Amino acid sequence: SEKAFVLLRDYISEKKEDFMKRLKPINGAKELLDLNHQLDIPCVILSNKQGELLRLEVKHMGWEKYFKGIYGSLDFPFDKPHPSTVMEIRKHHDLIHKNIWFLGDTDVDWQCAKDSNCKAIKIGQNLSLDHYAFPTCMEFLDYFSEFIKK
């Protein structure tokens, strides 16, 4: 509802300074973004975090230049794992469907990737065999660096 959205926006505004001070990227994230940017590989964020807060975080990190789009909850009629969000982003940014790699760290991410026919890349613990899986972002960066050399 509109009232809930206003309350959330007010809360974010009130707490964002404290939150931004504690915000830290995962090890290897910046290096991966630098590599993608250098290679002109388009990147988009799709998160279930509230979109306004997500964009504030990206701005705080100084990472806006890395992303063609930054989308969160309330930016689309449905949140992840609904595949329509990926389809909307793909159309809007003219992304080739079969070439989309969907990096994530939750079951919702992999379900969204699967339902959207994207390649699911898991980064984090609790690895499963039905996805490309890397315990850390640095390990994925190593893999990706080798992959693009081929």
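Let us look at the structure shown here. Just so we're clear, the structure is a prediction, and the values are computed from it rather than from any experiment. (Residues numbered from 1 in each chain as written. Predicted model: local features only at pLDDT ≥ 70, side-chain atom pairs only at ≥ 80, totals over all residues. Heavy atoms only, no water.)

Describing the packing of aromatic side chains
One pass over the full model with this rule turns up 10 aromatic pairs. Between W63 and Y66, the ring centres sit 6.4 Å apart and the planes meet at 80°, which makes this aromatic pair edge-to-face. Aromatic side chains F134 and F140 sit 5.2 Å apart centroid to centroid with 70° between the ring planes, which places their arrangement in the edge-to-face category. One aromatic cluster in this structure is built from W101, F134, F140, Y143, F144 and F147. (Phe/Tyr/Trp six-rings, centres within 6.5 Å; stacked < 30°, edge-to-face > 60°.)

Looking at the pattern of salt bridges
In total, this model carries four salt bridges according to the counting rule given. Its salt-bridge partner being K30, residue D34 comes within 3.1 Å of it at the nearest N-O pair. Pair noted here: D34 and K30 are both in helix α2 (residues 29–38), with a separation of four residues, about one helical turn. Note that R55 is salt-bridged to D75, the shortest N-O span being 2.8 Å. Of this pair, R55 sits in helix α3 (residues 51–61) while D75 sits in the loop between β2 (69–73) and α4 (83–92), and the two are 20 residues apart along the sequence. (Salt bridge = Lys/Arg side-chain N within 4 Å of Asp/Glu carboxyl O. Helix = DSSP H or I, 4+ residues; strand = E, 2+ residues; numbered from the N terminus.)

Here we look at the state of the cysteines
For the structure shown, the criterion picks out zero disulfides. Free of any disulfide, C112 has its nearest cysteine sulfur in C118, 7.1 Å distant. Taking the relative accessible area as the measure of exposure, C112 reaches 0% and is therefore buried. Note on C137: no disulfide assigned, nearest cysteine sulfur contributed by C43 at a separation of 11 Å. (Disulfide = S-S within 2.5 Å. Buried < 20%, exposed > 50% of the residue type's maximum accessible area, 1.4 Å probe, protein only.)

What to know about the environment of K49
Mapped onto the elements, K49 comes out in strand β1 (residues 44–50). Spatially, the C-alpha atoms of K49 and D79 are 9.4 Å apart, while their sequence positions differ by 30 residues. K49 has contacts with F19, L54, E57, G72 and S73, leaving out every residue within four places of it along the chain. A polar contact is formed between the side chain of K49 and the side chain of E57, at a distance of 2.8 Å. (Contact = heavy atoms within 4.5 Å. Polar contact = N/O pair within 3.5 Å; in protein donor to acceptor, adjacent residues only side chain to side chain.)

Here's the deal with the packing of α2 against helix α6 (residues 137–149)
Geometrically, a packed helix pair is captured by the angle between its two axes and the distance between the axes. Running from N to C, α2 and α6 cross one another at 20°; their axes reach a closest spacing of 9 Å. Relative to α6, the element α2 is oriented roughly parallel. In this structure, the crossing between α2 and α6 has a hand that is left-handed. Residues A29, E31, L32, L35 and N36 of α2 form the contact with α6, whose own contacting residues are C137, F140, L141, F144, S145 and I148. (Axes fitted to C-alpha atoms, helices over the stretch in contact; angles between N-to-C directions. Parallel < 35°, antiparallel > 145°, perpendicular 65-115°, else oblique. Left-handed = near helix turned anticlockwise from the far one by under 90°.)

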